[in-house]
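Descriptive analysis of the structure
Take a look at the letters that make up each chain.
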2 protein chains.
Amino acid sequence: MELLKKRILEAGQYLGKGILKVDGFINHQVDPQLMDQCGKELAELFKDCGATRILTAEISGIAPALMTGKYMNLPVVYARKHKPITMPDQVFLTLAPSHTKGRTVELIVSPEYLKAGERILIIDDFLASGATIAGLVRLVNVAGAELVGIGALIEKLFEGGRAMLSAQQAGLQIESLACITKMDDSGLEFQD
Amino acid sequence: MELLKKRILEAGQYLGKGILKVDGFINHQVDPQLMDQCGKELAELFKDCGATRILTAEISGIAPALMTGKYMNLPVVYARKHKPITMPDQVFLTLAPSHTKGRTVELIVSPEYLKAGERILIIDDFLASGATIAGLVRLVNVAGAELVGIGALIEKLFEGGRAMLSAQQAGLQIESLACITKMDDSGLEFQD
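Residues numbered from 1 in each chain as written. Chains lettered and ligands numbered in written order. Predicted model: local features only at pLDDT ≥ 70, side-chain atom pairs only at ≥ 80, totals over all residues. Heavy atoms only, no water.

What follows covers the environment of T86 of chain B. Tracing the chain through its elements places T86 of chain B in the loop between β5 (76-79) and β6 (92-98). Separated by 94 residues in the primary sequence, T86 of chain B and I180 of chain B place their C-alpha atoms 39 Å from one another. If we skip the residues at most four places from it in the chain, T86 of chain B touches L15, I19, K21 and D23 of chain A. Side chain to side chain, T86 of chain B and D23 of chain A meet in a polar contact 2.9 Å long. (Helix = DSSP H or I, 4+ residues; strand = E, 2+ residues; numbered from the N terminus. Contact = heavy atoms within 4.5 Å. Polar contact = N/O pair within 3.5 Å; in protein donor to acceptor, adjacent residues only side chain to side chain.)

Quick look at the structure:
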């Protein structure tokens with residue numbers, strides 16, 4: 001998606017160690033118009049997947065998932081990282097290592113909003129090593145739901161998340177709007 | 001806003017101790033169409049406030065703030081509760097007690113996205129005791145920016161947040177889309 005790639009080139013910052021800072025338009029400050037267009041594009045890419053619900057992880061996944069849900073007319077569930085007091089005692093819970101947090105985080109979904117037989121589309125901001133998304137996939141599986149697709153705004157192809165997730169479920173539709181093939185101090189390269 | 005009040009009556013759950021569970025459409029699962037309509041309504045209410053940026057707090061403030069920002073064509077900044085590695089060393093930071101978490105949380109904003117002279121509209125999911133929003137107001141003040149309004153989806157009038165925030169800044173525009181005046185085991189009552 002050219003709009004997103006252009007913004008990454010203009011306003012993204014490579015901080016070293018594989019970290020791309022996009023705090024000015026995705027991760028701390030959000031550009032709602034850009035996010036709306038990204039949601040529209042993801043909805044178009046997944047229009048035939050038959051999803052009944054969208055699943056993401058708080059915090060940075062909420063904005064792209066919400067906009068995708070708006071265009072697909074689907075409810076959006078965000079896995080919590082801390083169990084709020086409003087959640088029932090029995091929950092679906094898994095652990096996922098967080099690269100940018102430097103520690104393991106919990107991903108928690110209430111069985112009220114993730115049910116057997118549903119068709120789940122996972123949307124997140126980044127697809128990098130795939131660790132967070134693999135955690136969401138485990139929640140889908142434990143709930144007895146079916147994973148029908150994975151979409152991300154930005155992919156770091158060289159971190160291997162796509163290969164790992166594809167190996168788990170052959171033929172799964174995985175899409176990203178800006179796929180980075182190379183990133184170092186000299187700059188970024190996108191696929192295509 | 002009748003649409004939101006109707007949904008609260010249909011799908012909200014009073015858990016006792018002042019806690020209203022809206023996890024099915026705001027706080028864990030989000031209804032994107034409802035949130036879009038709420039954002040449209042908040043944008044209309046604040047159309048004359050001259051805001052240059054919207055500020056909210058992660059996590060549950062992101063969805064309503066994003067949709068309001070879409071209709072007002074403004075960037076949305078969400079205060080972080082944990083400092084990510086992409087954030088500069090010097091930040092604006094304050095502490096706020098969280099009723100639903102039962103502990104004090106940090107609210108952190110990078111000076112990159114909150115600057116002196118800006119006109120800030122604060123949007124959050126709940127206005128209850130006002131503790132979180134008061135924390136956001138302190139961040140606005142310490143940045144040298146100007147607070148021009150506060151908007152929330154749901155207000156619990158009886159928890160006193162509006163009175164406290166109004167006392168801090170006379171004449172400040174404070175709006176909520178569903179203002180609850182009474183809440184107990186027998187049911188909810190809305191203002192108007």
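The transformation that overlays chain B on chain A combines an axial shift of 0.0 Å with a rotation of 180°, and the residual RMSD is 0.0 Å. With respect to symmetry, the two chain copies, as superposed, fit the operation of a two-fold axis. By residue overlap, the copies meet face to face through one surface: 100% of the interface positions of chain B are interface positions in chain A. (Least-squares fit on C-alpha atoms with pLDDT ≥ 70 in both.)

Across the sheet, which stays open at both edges, the seven strands sit in the order β11(A)-β10(A)-β9(A)-β8(A)-β4(A)-β5(A)-β3(B) with mixed pairing between neighbours. Only two strands of the sheet have a single neighbouring strand rather than two, namely β11 (187-190) of chain A together with β3 (29-30) of chain B. Where strand β9 (residues 146-156) of chain A and strand β10 (residues 174-184) of chain A come together, six bridges link them in parallel fashion. Note on β10 of chain A: the bridge partner recorded for I154 of chain A is A178 of chain A. (Pairing = 2+ DSSP bridges.)

Attention shifts here to the environment of S176 of chain B. Residues and elements named next belong to chain B. Residue placement: S176 occurs in strand β10 (residues 174-184). S176 sits in the buried class, given a relative accessible area of 18%. Distance in space between the C-alpha atoms of S176 and L157 is 9.8 Å, their sequence separation being 19 residues. Contact partners of S176, with chain neighbours within four places excluded, come to A152, L153, E155 and R162. A polar atom in the side chain of S176 sits 2.7 Å from the side chain of E155. (Buried < 20%, exposed > 50% of the residue type's maximum accessible area, 1.4 Å probe, protein only.)

Mean pLDDT over chain A works out to 96, with 99% of the residues at or above the 70 mark. For this predicted complex, the interface confidence reaches an ipTM of 0.96, while the overall pTM sits at 0.97. (pLDDT = per-residue confidence, 0-100.)

A few words on the sheet that holds strand β11 (residues 187-190) of chain B. Reading across from one edge, β3(A)-β5(B)-β4(B)-β8(B)-β9(B)-β10(B)-β11(B) is the order of the seven strands in this open sheet, with mixed pairing throughout. At either end of the open sheet lies a strand with only one pairing partner, and these are β3 (29-30) of chain A together with β11 of chain B.

A few words on the packing of helix α1 (residues 2-11) of chain A against helix α3 (residues 32-45) of chain A. All names here are of chain A. Interaxial distance between α1 and α3 falls to 10 Å at its minimum, and their mutual angle equals 140°. As the angle between them shows, α1 and α3 are arranged oblique. Crossing hand, α1 versus α3: left-handed. Together, L3, L4 and R7 of α1 and L34, Q37 and C38 of α3 make up the contact between the two elements. For the contact of α1 with α3, the residue count by class is four nonpolar, one polar and one charged. (Axes fitted to C-alpha atoms, helices over the stretch in contact; angles between N-to-C directions. Parallel < 35°, antiparallel > 145°, perpendicular 65-115°, else oblique. Left-handed = near helix turned anticlockwise from the far one by under 90°. Nonpolar A, V, L, I, M, F, W, Y, C, P; charged D, E, K, R; others polar.)

This brings us to the pairing of strand β8 (residues 119-127) of chain A. Residue and element names in this part refer to chain A. The element β8 is extensively covered by neighbouring structure, given that eight of its nine residues are classed as buried. Pairing analysis gives eight bridges linking β8 to β9, with the strands arranged parallel. Pairing of L121 across the sheet is with G149, part of β9. With respect to chirality, the unit in which β8 leads through helix α5 (residues 131-142) into the neighbouring parallel β9 is right-handed. (Right-handed = clockwise from strand over helix to strand, strands pointing away.)

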